[in-house]
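# Remarks on the overall topology
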Amino acid sequence: MNKDNSDIIDYPKIKCPFVREKIKGHYVVTPQIEEGYEWVFEDPGVKAVDKLHGTNLCCMFDKGILIHIDNRSTRVLEDPCACLTANMSSAIVRMIEGVLHALERGWIENDFTGRVYGELIGPTINGNLHQMVTHYFVPFDYLQKKCHWKSWVNNKYPKNFESLSNWFKELPSLFSQRMKANEGLAEGLVFYHPDGRLAKLRRDMFESTTPP
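Below is a summary of the structure that appears in this document. (Residues numbered from 1 in each chain as written. Predicted model: local features only at pLDDT ≥ 70, side-chain atom pairs only at ≥ 80, totals over all residues. Heavy atoms only, no water.)

### With respect to the sheet that holds strand 3 (residues 47-51)
Consider a sheet: its strands pair through backbone hydrogen bonds, and that pairing is either parallel or antiparallel. Strand order across the open sheet formed by three strands is 3-9-10, with antiparallel pairing between neighbours. One side of each edge strand has no neighbouring strand; the edge strands of this open sheet are strand 3 and strand 10 (198-202). The average angle at which neighbouring strand axes cross in this sheet is 25°, direction not considered. Where strand 9 (residues 188-192) and strand 10 come together, five bridges link them in antiparallel fashion. Paired with Phe-191 across the bridge in strand 10 is Ala-199. (Pairing = 2+ DSSP bridges. Helix = DSSP H or I, 4+ residues; strand = E, 2+ residues; numbered from the N terminus. Axes fitted to C-alpha atoms, helices over the stretch in contact; angles between N-to-C directions.)

So this is what it looks like as structure tokens:
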């Protein structure tokens, strides 16, 4: 990878497609659609993809060799090979473990060069919602291809606030199902437009799914 292409580039922040307001000290969505986000519910080809409850990483590869790991706007790993020592931090161990499992499962091509954005999940990450026994780095591209709801693309159900609110009460994680980990609830959905636009919804954005 060219050194000029190894700068830290954070994954874009993703907005909610509904207008939110503060209720009982917690920001929740309202039935009003955010201006410019009508595409989530109206445009063809939009995917509703499983949103994992992990920590966002950018992993950079040069011909299949991991060279950098960034966590949002911070470079947390400059040289993986140099860091493989007995006193390396547990956080680095988790990240490398997750990347190795992604390579083993073919989520990242062995000779890949470039950036891979995704979520690190596992036993020590955010309460381990997905009940993994080890750590995995899950690329967003993999989730978009393998963990999206065909019922959304095929317009099988109404795409409105009431329907989504009811769906989120029992929305399972497609990734967890694929990993045969559990039948637990998903953290949310990320909506992908064919032209690259993104939007997201989390379960805790709905008042009926938040704790009292």
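And the narrative resumes.
### What to know about unusual backbone geometry
For residues besides glycine, phi is generally negative; the peptide bonds are generally trans as well. Despite not being glycine, Arg-72 has its phi angle at roughly 60°, a positive value. We classify Arg-72 as partly exposed; its relative accessible area is 29%. One non-glycine residue, Asn-155, lies in positive phi territory at about 55°. Among the structural elements, Asn-155 can be located in the loop between helix 5 (150-153) and helix 6 (161-168). (Buried < 20%, exposed > 50% of the residue type's maximum accessible area, 1.4 Å probe, protein only.)

### Comments concerning the sheet that holds strand 4 (residues 55-62)
Taken in spatial order, the five strands of this open sheet run 6-5-4-7-8, and their pairing is antiparallel. The sheet is open, and its two edges are formed by strand 6 (74-77) and strand 8 (136-139), each paired on a single side. The mean angle between the axes of side-by-side strands here comes to 40°, regardless of whether they run parallel or antiparallel. Where strand 4 and strand 7 (residues 114-121) come together, seven bridges link them in antiparallel fashion. Bridging from a neighbouring strand, Met-60 pairs with Arg-115 of strand 7. Those strands touched by helix 3 (residues 90-104) are strand 4, strand 5 (65-71), strand 6, strand 7 and strand 8, and its axis lies near 55° from that of strand 8. (Contact = heavy atoms within 4.5 Å.)

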